[in-house]
Amino acid sequence: MDELPSPRLVDAVWRYRASSLIIVAVAVLLSVIVALIVGEPSRMQARLALKTPDKAGVLGVESGETAFARYATQRALFVTSDKVIAAAAKKLGAAVSKETLRNAVTAEASETGESLVLQVSADSPDEASRIMAAVIEAYRDASRAEVSQRVKRLVD
């Protein structure tokens, strides 16, 4: 029996170009479908500038560079606290649960410590924007209430 020499790769692809094109088209189509289904969530980032806390020492916050770095870290933890997350969930209504917010929102002090960096992950850019706005508003409200309570205690 005569054995036919096996074709080289380029010859084989050219010989079977119709089936090769179908295989490539199916692979590209599947990768596009998987990318659309799995797709990365929308991410949004915001920076909240921090004012130097209580230079006069009236509210019990220390001043100085290291104290301000601690203050920035404490504020970042406060943004993701139960109090702020619950208030943000209340502002968003039944659309977003507290657990969803807790998983979607992260906060940390910037490298310089002069601001907070908030990040929100959500299914769509609109949802990420709504969540970010609600968290920032809840943080501001809770911060104002905290300062008001400290001032009231000092006055009393």
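Cut-off values and rules
- Residues numbered from 1 in each chain as written.
- Predicted model: local features only at pLDDT ≥ 70, side-chain atom pairs only at ≥ 80, totals over all residues.
- Heavy atoms only, no water.
- Phe/Tyr/Trp six-rings, centres within 6.5 Å; stacked < 30°, edge-to-face > 60°.
- Lys NZ or Arg CZ within 6 Å of the ring centre and 35° of its normal.
- Pairing = 2+ DSSP bridges.
- Helix = DSSP H or I, 4+ residues; strand = E, 2+ residues; numbered from the N terminus.
- Axes fitted to C-alpha atoms, helices over the stretch in contact; angles between N-to-C directions.
- Contact = heavy atoms within 4.5 Å.
- Salt bridge = Lys/Arg side-chain N within 4 Å of Asp/Glu carboxyl O.
- Buried < 20%, exposed > 50% of the residue type's maximum accessible area, 1.4 Å probe, protein only.
- Core = buried A, V, L, I, M, F, W, Y, C linked by side-chain atoms within 4.5 Å.

Q: Quick rundown of the packing of aromatic side chains? Include the residues and the values.
A: If you walk through the whole model with that rule in mind, you get 1 aromatic pair. For Arg17, the ring lying beneath its charged end belongs to Trp14, and the centroid distance is 4.3 Å.

Q: Any chance you could break down the sheet that holds strand β3 (residues 115-122) for me, citing the residues and the numbers?
A: Strand order in the open sheet formed by 3 strands is β1-β3-β2, with antiparallel pairing between adjacent strands. The outermost strands of the open sheet, each flanked by one partner alone, are β1 (42-49) and β2 (105-109). Averaged over all pairs of adjacent strands, the angle between their axes in this sheet comes to 20°, without regard to strand direction. Pairing between β2 and β3: 5 bridges, direction antiparallel. In the sheet register, Glu108 faces β3, and the bridge partner there is Val117. With respect to the sheet, helix α6 (residues 125-155) is in contact with β1, β2 and β3, its orientation differing from that of β1 by roughly 25°.

Q: An account of the pattern of salt bridges is requested, with residue identities and associated values reported.
A: Side-chain pairs of opposite charge can arise whenever the charged atoms involved come near each other. In the structure shown here, the tally under the stated rule is 6 salt bridges. Where Arg8 meets Asp11, a salt bridge forms, and the shortest distance between an N and an O atom there is 3.6 Å. Of the charged contacts in the structure, one is a salt bridge between Lys91 and Glu137, with a shortest N-O distance of 3.4 Å. With Lys91 in helix α4 (residues 82-92) and Glu137 in helix α6, this residue pair connects regions lying 46 residues apart in the sequence. Using a relative accessible area of 38% as the deciding quantity, one classes Lys91 as partly exposed. Through salt bridges with shared partners, a single network forms among Lys91, Glu137, Asp141 and Arg144.

Q: Which residues make up the nonpolar core, and what values do they have?
A: Nonpolar side chains in soluble globular proteins tend to end up buried together. Of all hydrophobic cores here, the largest spans 30 residues; its most connected members are Leu101, Leu116, Leu118, Ile131, Val135 and Tyr139. Within the residue set of this core, elements represented by two or more residues are β1, α3 (65-79), α4, β3 and α6. The dominant element in this core, judged by the number of residues it contributes, is α6, at 9 residues. Excluding anything up to four places from it in sequence, Ile131 contacts Leu92, Val96, Leu101, Val105, Val120 and Ala122.

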